[in-house]
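Below, each chain spelled out in residue letters.
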Amino acid sequence: MKNKVLFLLTLVFMISLSMHAQRGVRVAYIDTEYILENVPEYQEATAQLNQKADKWKNEISVKLGTIEQKRKDLSNEKALLTKELIDEREEDIAFEEKEIFDYQQKRFGPNGDLFIQKKQLMQPIQDQIFAAVQDMAASRKYDFIFDKSSDAVMLFSAKRFDLSDQILRSITRSSKRKQAQSKAERKAAEKEELVPEINYELEERQKALEDKKAERESAIEKRRQEILADREAKKKEAEARRKKILEDRKKAKQAKLDARNKTTKADDSKESETSKPDTETVEGETKTKAQLIEENRQKKLKERAARKKALEERKKKILEDRQKTKDSI
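Everything quoted here is computed from the prediction, not taken from an experiment. (Residues numbered from 1 in each chain as written. Predicted model: local features only at pLDDT ≥ 70, side-chain atom pairs only at ≥ 80, totals over all residues. Heavy atoms only, no water.)

A word on the overall build of the chain. Along the backbone of the chain there are nine helices and four strands. What you see in the chain, going N to C, is helices and strands ordered as α-β-α-α-α-α-β-α-α-α-β-β-α. For the chain, the proportion of its 329 residues judged to be buried stands at 18%. A separation of at least 24 residues holds for 74% of the contacts in the chain among residues at least 6 apart in sequence. A total of about 26,000 Å² of accessible surface is found on the chain, and carbon and sulfur atoms cover 54% of it. (Helix = DSSP H or I, 4+ residues; strand = E, 2+ residues; numbered from the N terminus. Buried < 20%, exposed > 50% of the residue type's maximum accessible area, 1.4 Å probe, protein only. Contact = heavy atoms within 4.5 Å. Areas by Shrake-Rupley, 256 points an atom, 1.4 Å probe, with all protein chains shown as cover.)

Right, let's get into helix α4 (residues 83-108). Given 3.6 residues per helical turn, the α-helix brings residues three or four places apart onto the same face. Here α4 is 26 residues long and its end C-alpha atoms lie 37 Å apart, about the 38 Å a rise of 1.5 Å per residue gives. Every buried residue of α4 is accounted for by Ile 86, Ile 93, Ile 100, Tyr 103 and Arg 107. On its buried side, α4 packs onto α3 (40-77) and α5 (113-140). (Expected span 1.5 Å × (residues − 1).)

What follows concerns the side chain of Arg 107. Along the polypeptide, Arg 107 turns up in helix α4. Within the structure, the side chain of Arg 107 is placed 2.6 Å from the side chain of Asp 113, a separation counted as a polar contact. Sequence-distant contacts of Arg 107, defined by excluding residues within four places in its chain, comprise Trp 56, Gly 112, Asp 113 and Leu 114. (Polar contact = N/O pair within 3.5 Å; in protein donor to acceptor, adjacent residues only side chain to side chain.)

Where charged atoms of side chains with opposite charge meet at close range, the side chains can pair. Under the defined criterion, the tally for this structure stands at 15 salt bridges. For the salt bridge of Arg 71 with Glu 97, the shortest nitrogen-to-oxygen distance reads 2.5 Å. Placement of Arg 71 in helix α3 and of Glu 97 in helix α4 is noted, with a sequence separation of 26 residues between them. Judged by relative accessible area, Glu 97 falls into the partly exposed class, the value being 32%. A salt bridge links Arg 89 to Glu 77; the shortest N-O distance between them is 2.7 Å. Of the two residues, Arg 89 is situated in helix α4 and Glu 77 in helix α3; the sequence distance between them amounts to 12 residues. Overall, the relative accessible area of 33% leaves Glu 77 in the partly exposed class. (Salt bridge = Lys/Arg side-chain N within 4 Å of Asp/Glu carboxyl O.)

Position of Gln 43 among the secondary structure elements: in helix α3. Gln 43 has contacts with Leu 36, Glu 37 and Asn 38, leaving out every residue within four places of it along the chain.

Another aspect to go through is the side chain of Thr 32. With respect to the helices and strands, the residue Thr 32 is situated in helix α2 (residues 32-37). A residue is classified by how much of its surface remains accessible, and Thr 32, at 14% relative accessible area, is buried. Setting aside its immediate chain neighbours within four residues, Thr 32 contacts Ile 129, Asp 147 and Ser 149.

Turning our attention to the packing of α3 against α4. Interhelical geometry of α3 versus α4 gives an angle of 165° and a closest axis separation of 10 Å. The pairing of α3 with α4 is recorded here as roughly antiparallel in orientation. α4 is crossed by α3, and the crossing has left-handed handedness. Looking at the contact of α3 with α4 residue by residue, the class counts come to 11 nonpolar, one polar and 12 charged. (Axes fitted to C-alpha atoms, helices over the stretch in contact; angles between N-to-C directions. Parallel < 35°, antiparallel > 145°, perpendicular 65-115°, else oblique. Left-handed = near helix turned anticlockwise from the far one by under 90°. Nonpolar A, V, L, I, M, F, W, Y, C, P; charged D, E, K, R; others polar.)

This part takes up the packing of aromatic side chains. Counted according to the given criterion, the structure contains one aromatic pair. One Lys or Arg, Lys 63, reaches over the ring of Tyr 103 and ends 4.6 Å from the middle of that ring. (Phe/Tyr/Trp six-rings, centres within 6.5 Å; stacked < 30°, edge-to-face > 60°. Lys NZ or Arg CZ within 6 Å of the ring centre and 35° of its normal.)

We now examine the environment of Asp 135. Secondary-structure assignment places Asp 135 in helix α5. Relative accessible area serves as the criterion here: at 54%, Asp 135 is assigned to the exposed category. Separated by 32 residues in sequence, Asp 135 and Ile 167 have C-alpha atoms that sit 9.9 Å apart.

Attention now goes to the nonpolar core. Nonpolar side chains in soluble globular proteins tend to end up buried together. In this structure, Ile 30, Ile 35, Tyr 42, Ile 129, Leu 163 and Ile 167 are the most contacted members of the largest nonpolar core, which totals 19 residues. Mapped by element, the contributors of at least two residues to this core are β1 (27-30), α2, α5 and α6 (164-179). Other than its neighbours up to four places away in sequence, Ile 167 contacts Ile 30, Ile 35, Ile 129, Ala 132, Val 133 and Met 136. Membership of the second largest hydrophobic core comes to 11 residues, among which are Ile 67, Ile 86, Ile 93 and Ile 100. (Core = buried A, V, L, I, M, F, W, Y, C linked by side-chain atoms within 4.5 Å.)

Honestly, it's all geometry; don't read function into it.
What follows is the structure in structure tokens.
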């Protein structure tokens, strides 16, 4: 195997040297194991084959367990049996063991059912891979295409030379064309005939640019969120100040009303105490108690009307001040 690998590498080196003067040697590789892992039909068939293999293993295990039990029974009963019976039972056990061995070879041997069915399963996929590799090598003028999962070990392989995904897409398209029922489906499958050549260096540069763009957009968004949060905080602070001003004004207004009411009550009490009991002479006229009370009442009504008017004017001024404060905020 080592000689084969060395011969292959030497051949590649010599051909590359001879062709280097004309143009650069184009080398690529595929990974057959990766391709097979991503072909749904192959995975489904492999799962069914594994189920069959497990079933065969269980059958063999059960039969081997039965023979082992017969051996134990014979070992325990040897003292009670004649030599002819012992030989006969040992011969039966040996015959059953040979049958199990033959069955095991039939299922798992070099030419057994498992090997044959695996080969039948692998052959169509391998043919598709081989055909896709030949087409791609011819269309893109590759000089060498290796299989990474084969005996030719690769110590290093650049990702830009990996054709596995493109081979897989080619196989998938072929499968779609075979399964296409309508004309539209066949036409859509034919549009996928060409496999675009991937420039990994360009993709890496584009990815770097996209990462920088995403980072820049993220920083801009973060700054915008900070500005919005600061603006919202200032708005809440202004609202809190306005609310406090209104509460303070309300408290001051209520305190003034309480003080005024208290003063009015004191005046009423004082007037009631100093009023004359029965009659009072004013400029030669004698007034009755009822007349004096009516005069006092009218006087109080006038005073209250004056106070009410003053309160209305004060209230109007407060509302105007409040509106001005609100507009300034």
